Amino acid sequence: MTIKQLLAMGEKVLANRYGVGPEARMLLAYVLGAGDSYLLAHGEEEVAAAPHTTYLAYLQRAQRGEPIPYILGAAPFFDLRLKVTPAVLIPRPETEQLVELVMAWAKRRPQPDLHLVDVGTGSGCIAITLARKLPQTHITAIDVSPAALAVAQENARTYGVAQQIDFYEGDLLTPLTRPISLIVANLPYVTDGEWTQLDDGVKSYEPELALRGGQDGLTVVRRLLEQAKTRLLPSGAIFLEIGWQQGAAAVTLAQQLFPEATGESLPDYAGHDRFVYIQL
Ligand SMILES: C[S@@+](CC[C@H](N)C(=O)[O-])C[C@H]1O[C@@H](n2cnc3c(N)ncnc32)[C@H](O)[C@@H]1O
């Protein structure tokens, strides 16, 4: 079959799950090691048996609900293309906004020796982007999952920032050996109730450890804030990504644990409470 025929067939196979989307094209481009423009310009080219078979297998996986980034082994984050495996959460667009909030904070409060920690680093998307954007900053990236840390380290090497980031396996802030100025964290925040409703593509393929945040979704965040009390420097700050219905509860929690600090929830581009900012 030709490129054009395989594309049309793939779009049809994935239509139920994705509607009219780029997914079939992404899979075929990956299999052929080609870009979009090649597929467009060479629509009449015959595809050899081996890539044809691989493409069909990928279509079947996608049709069953496996997220496309796991099939491709990579996901976009800003201008990066990060390696992802089933050990790490696929980075989400909201998390790019978390990074933007941190960047704006760092710009408002320039500090020559800023030391920040990315807790629950997963693919390393937050730590690696911040390392590239803030080259003077020392970054610690922590995850409880050794398999996730291995992916984050590989991504850091790919983007040439491995020297700027210390990676630690451990529970939340416990691996830290000295106080820090800034905590950034996108920790698991799906409530037990939400978990039962979650899309199969997420629930069956993405790591439960990266998603589930207990009954109110704030179990891991609560423990992080408790640990932060003794580890954050006097003018330090915390930026968290949270579930869209958790803004008020997370701010109340922050106020209980840090009564002297200012705490507020901030919206994502969809207008939902998505982040919490705590400033000591
Ligand atoms: C929601 S994912 C976020 C991954 C990545 N930071 C991102 O934004 O795409 C949460 C991450 O926290 C890690 N994690 C869960 N519990 C943890 C704990 N107690 N201590 C450290 N990391 C934890 C998970 O392994 C997972 O990689």
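Residues numbered from 1 in each chain as written. Predicted model: local features only at pLDDT ≥ 70, side-chain atom pairs only at ≥ 80, totals over all residues. Heavy atoms only, no water.

Novice: Honestly, the overall build of the chain in this entry has me stumped. Any pointers?
Specialist: A tally of helices and strands in the chain yields 13 helices and nine strands. Expected size for 280 residues packed as a compact globule is a radius of gyration near 19 Å; at 21 Å, the chain falls within 12% of this value. In terms of principal-axis extent, the alpha carbons of the chain reach across some 65 × 40 × 30 Å. Considering only contacts within the chain whose residues lie at least 6 apart along the sequence, 68% involve residues at least 24 apart. A total of about 13300 Å² of accessible surface is found on the chain, and carbon and sulfur atoms cover 53% of it. If the 23 positive side-chain charges of the chain are averaged to one point and the 31 negative ones to another, these points end up 2 Å apart. (Helix = DSSP H or I, 4+ residues; strand = E, 2+ residues; numbered from the N terminus. Rg over C-alpha atoms; globule rule 2.2 N^0.38 Å. Contact = heavy atoms within 4.5 Å. Areas by Shrake-Rupley, 256 points an atom, 1.4 Å probe, with all protein chains shown as cover. Lys, Arg positive; Asp, Glu negative; His and termini not counted. Charge placed at Lys NZ, Arg CZ, Asp CG, Glu CD.)

Novice: Mind showing me how you'd approach the pairing of strand S5 (residues 165–169) here?
Specialist: A regular strand places its side chains on the two faces of the sheet in alternate fashion. The sheet contact formed by strand S4 (residues 138–143) and S5 spans five bridges and is parallel. Following the sheet pairing, Thr-140 is matched in S5 by Asp-166. A crossover connection joins S4 to the parallel S5 through helix H8 (residues 146–158); in handedness this β-α-β unit is right-handed. (Pairing = 2+ DSSP bridges. Right-handed = clockwise from strand over helix to strand, strands pointing away.)

Novice: Could you clarify how one ought to interpret the pattern of salt bridges in this entry?
Specialist: Side chains bearing opposite charge may pair, as long as their charged atoms lie close to each other. Evaluated as defined, the whole model comprises eleven salt bridges. When the shortest N-O distance is used, the salt bridge between Glu-66 and Arg-61 registers 2.8 Å. Residue Glu-66 is classed as buried on the basis of its relative accessible area of 13%. According to the relative accessible area criterion, Arg-61 is partly exposed, its value standing at 26%. Salt-bridge contacts for Glu-154 lead to Lys-83; the nearest nitrogen and oxygen are separated by 3.0 Å. Of this pair, Glu-154 sits in helix H8 while Lys-83 sits in strand S2 (residues 80–83), placing them 71 residues apart in sequence. Overall, the relative accessible area of 30% leaves Lys-83 in the partly exposed class. (Salt bridge = Lys/Arg side-chain N within 4 Å of Asp/Glu carboxyl O. Buried < 20%, exposed > 50% of the residue type's maximum accessible area, 1.4 Å probe, protein only.)

Novice: Mind showing me how you'd approach the nonpolar core here?
Specialist: One broad trend across soluble globular proteins is that nonpolar side chains are buried collectively. Core analysis: the largest hydrophobic core is formed by 32 residues, its most contacted members being Trp-105, Leu-130, Ile-165, Leu-182 and Val-184. A total of six residues in this core trace back to one element, the largest contributor, which is helix H7 (residues 125–133). In this view, Trp-105 contacts Gln-111, Leu-114, Ser-181, Leu-182, Ala-237, Phe-239, Tyr-277 and Gln-279; residues no more than four positions away in its chain are not counted. The next biggest cluster of nonpolar side chains, apart from the first, holds 28 residues, and it includes Ile-180, Leu-218, Ala-250 and Ala-261. (Core = buried A, V, L, I, M, F, W, Y, C linked by side-chain atoms within 4.5 Å.)

Novice: Is there a simple way to explain the site of the ligand in this structure?
Specialist: What surrounds the ligand is a group of 20 residues, the closest being Gly-120, Asp-143, Asp-171, Leu-172 and Asn-186. Here a nitrogen atom of the ligand and a backbone polar atom of Thr-121 are 3.3 Å apart. Taking Leu-172, its main chain carries an N or O atom lying 2.8 Å from a nitrogen atom of the ligand. Across the complex, the protein chains shield 96% of the 590 Å² of accessible surface that the ligand would expose by itself. Every element with two or more residues in the shell around the ligand is listed here: H7 and helix H11 (208–211). Split into classes, the residues belonging to the shell around the ligand amount to ten nonpolar, seven polar and three charged. (Near = heavy atom within 4 Å. Polar contact = N/O pair within 3.5 Å; in protein donor to acceptor, adjacent residues only side chain to side chain. Nonpolar A, V, L, I, M, F, W, Y, C, P; charged D, E, K, R; others polar.)

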